[in-house]
Amino acid sequence: MSHIHFIGSGQMSEAMIRAIIKHKTASASDITAYDIRPEREKELHDNYGITAFAKPKKNIETLQKADIVVIGVRPQDDLKAVTADIAKNAKEKALIVSIVAGVTLTQFEDLLGKERAIARIIPNTLTDTGLGYSGVVVNNQADKALTEKFVSGFGKCLFLEESLIDIFTGFGVCGPNYVYYFIEALVDAGVLAGLPRDIAWKTTMENLVGSVKMLEISGKHPRQLLDINNSPAGVGMNSLFALNQSDFTAGLQKSVLAAVKRTTELGQKKD
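Small disclaimer: the values here were computed from a predicted structure and weren't measured.

A.B. asks: So what exactly am I meant to see when it comes to the overall build of the chain here?
C.D. replies: Broken down by element type, the chain carries twelve helices and eight strands. Summarising its shape, the C-alpha atoms of the chain cover approximately 70 × 40 × 35 Å along the three principal directions. Looking at the chain as a whole, 39% of its 271 residues are labelled buried. Summed over its atoms, the accessible surface of the chain is roughly 15,900 Å², and 58% of this surface lies on carbon and sulfur atoms.

A.B. asks: When you look at the side chain of N59 in this model, what are you seeing that I'm missing?
C.D. replies: Tracing the backbone shows N59 in helix α3 (residues 56–63). For N59, a relative accessible area of 3% gives the class buried. With sequence-adjacent residues up to four places away left out, N59 is seen in contact with H5, I7, Y34 and F53.

A.B. asks: So what exactly am I meant to see when it comes to the packing of aromatic side chains here?
C.D. replies: The geometry of an aromatic ring pair is captured by two quantities: the separation of the ring centres and the angle between the planes. What the rule picks out here adds up to three aromatic pairs. With centroids separated by 5.4 Å and ring planes inclined at 80°, the aromatic side chains of F150 and F154 adopt a geometry described as edge-to-face. There is no split in this pair, since F150 and F154 are both buried. Lying across the ring of F53, K58 places its NZ or CZ 6.0 Å from the centre. When the ring centre of F159 is taken as reference, the NZ or CZ atom of K144 above it lies at 4.4 Å.

A.B. asks: Please clarify how the pairing of strand β2 (residues 31–34) should be interpreted in this entry.
C.D. replies: Working note: regular strand, side chains alternate between the two faces of the sheet. Side-chain alternation along β2 places I31 and A33 on one buried face and T32 and Y34 on a second face that is also buried. Here four bridges tie strand β1 (residues 4–7) to β2, and the two strands are oriented parallel to one another. The residue bridging F6 from the neighbouring strand is A33, located in β2. Taken together, β1, helix α1 (residues 11–22) and β2 form a β-α-β motif whose crossover is right-handed.

A.B. asks: Would you explain the nonpolar core in this entry?
C.D. replies: The nonpolar side chains of a soluble globular protein tend to be buried, and buried together. I4, F6, I20, I50, V70, V97 and F150 are the most contacted members of the largest nonpolar core, which totals 28 residues. Put simply, the parts of the chain that give this core at least two residues each are β1, α1, β2, α2 (39–48), β4 (68–71), β5 (95–98), β6 (117–122) and α6 (144–151). Counting residues per element, this core draws most heavily on α1, at four residues. Those residues in contact with F6 that lie beyond four places of it in its chain are S13, M16, I17, I20, I31, T32, A33, Y34 and V70. If you look at the next biggest cluster of nonpolar residues, it comprises 26 residues, including I71, V73, V103 and I122.

A.B. asks: For this particular structure, what's the right way to read unusual backbone geometry?
C.D. replies: Note: most residues except glycine have negative phi, and most peptide bonds are trans. Phi angles above zero are rare outside glycine, and K24 is one such case at about 60°. Looking at the element boundaries, K24 is found in the loop between α1 and β2. Positive phi, normally seen in glycine, also occurs at A233, with a value near 60°. Turning to its location among the elements, A233 is positioned in the loop between α10 (222–229) and α11 (235–244).

A.B. asks: Just to check I follow, could you spell out the pattern of salt bridges for this structure?
C.D. replies: Side chains carrying opposite charge are able to pair once their charged atoms draw close together. Counted under the stated rule, the structure contains twelve salt bridges. Note that R18 and D128 form a salt bridge whose closest N and O atoms lie 3.0 Å from each other. Residue R18 is found in helix α1, and its partner D128 is found in the loop between β6 and β7 (133–138); the two are separated by 110 residues along the sequence. Ionic pairing is found between D35 and R37, a salt bridge with its closest N-O pair at 2.9 Å. According to the relative accessible area criterion, R37 is partly exposed, its value standing at 35%.

A.B. asks: Just checking my understanding: could you explain the packing of helix α8 (residues 175–193) against helix α9 (residues 197–218) for this structure?
C.D. replies: Geometry of a packed helix pair, given as the angle between the helix axes and the separation of the axes. Look at α8 against α9: their axes get within 8 Å of each other, and the N-to-C directions meet at 135°. The angle between α8 and α9 places the two elements in the oblique class. Note that α8 runs across α9; the crossing there is right-handed. Note on element contacts: α9 touches α8 through R197, A200, W201, T204, M205 and L208, opposite V179, I183, L186, V187, D188, G190 and V191.

The rules behind the values
- Residues numbered from 1 in each chain as written.
- Predicted model: local features only at pLDDT ≥ 70, side-chain atom pairs only at ≥ 80, totals over all residues.
- Heavy atoms only, no water.
- Helix = DSSP H or I, 4+ residues; strand = E, 2+ residues; numbered from the N terminus.
- Buried < 20%, exposed > 50% of the residue type's maximum accessible area, 1.4 Å probe, protein only.
- Areas by Shrake-Rupley, 256 points an atom, 1.4 Å probe, with all protein chains shown as cover.
- Contact = heavy atoms within 4.5 Å.
- Phe/Tyr/Trp six-rings, centres within 6.5 Å; stacked < 30°, edge-to-face > 60°.
- Lys NZ or Arg CZ within 6 Å of the ring centre and 35° of its normal.
- Pairing = 2+ DSSP bridges.
- Right-handed = clockwise from strand over helix to strand, strands pointing away.
- Core = buried A, V, L, I, M, F, W, Y, C linked by side-chain atoms within 4.5 Å.
- Salt bridge = Lys/Arg side-chain N within 4 Å of Asp/Glu carboxyl O.
- Axes fitted to C-alpha atoms, helices over the stretch in contact; angles between N-to-C directions.
- Parallel < 35°, antiparallel > 145°, perpendicular 65-115°, else oblique.
- Left-handed = near helix turned anticlockwise from the far one by under 90°.

Next up, the structure:
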């Protein structure tokens, strides 16, 4: 892949770097990173073999060579200064990628120039697995094929209308949280019923993976598989009856709506 330069090497940028190298969509020699924290130079080089630096002059020199520039700073960390450096020094055809929360394509076009190729990406947290969709919005100048190739290094690419980004963040990017919570609760239920924790854990994980595979293989709706799995007055139907009396469905839906609401609030925050 082309030369990828990260400005800001926080938790998500580091996860993307680690995954890209692991999945071999780019080599360590193709990746550079700039961070104001001097200690990150050694940490990133020792852990991933990439060239990292904390000197602004080196950042400017690297911007002039990079094919993909990833903005991984927080909105409050003087985004105007970062984008001014990019606008002045980045290659004309470079793809500018933002993983900055709450800053729209229009805002970036105002900061960088409307002629710039810009992609706004909301990365999924499943980066190390190569699974999970990242939400992607691009402007008219961006190369969608190049953008998708870049995203494929840390998951799957889902192009969206920008109006859906906040909803996708609360539902899709937060999605692993709901799954982890469900797994924890189900394992604890097995232990509560009397199973040793290791058996409850293995059984839960196998059922989770197998159920997803069954949905893929069969092409059936979950309700159809529920109907197949549960005989009249059987064990399964009695368990579903008890579950239906809880607030499981409403609780899950409320948590998604709360996540979407919070995402929107953060995007509307002013400095």
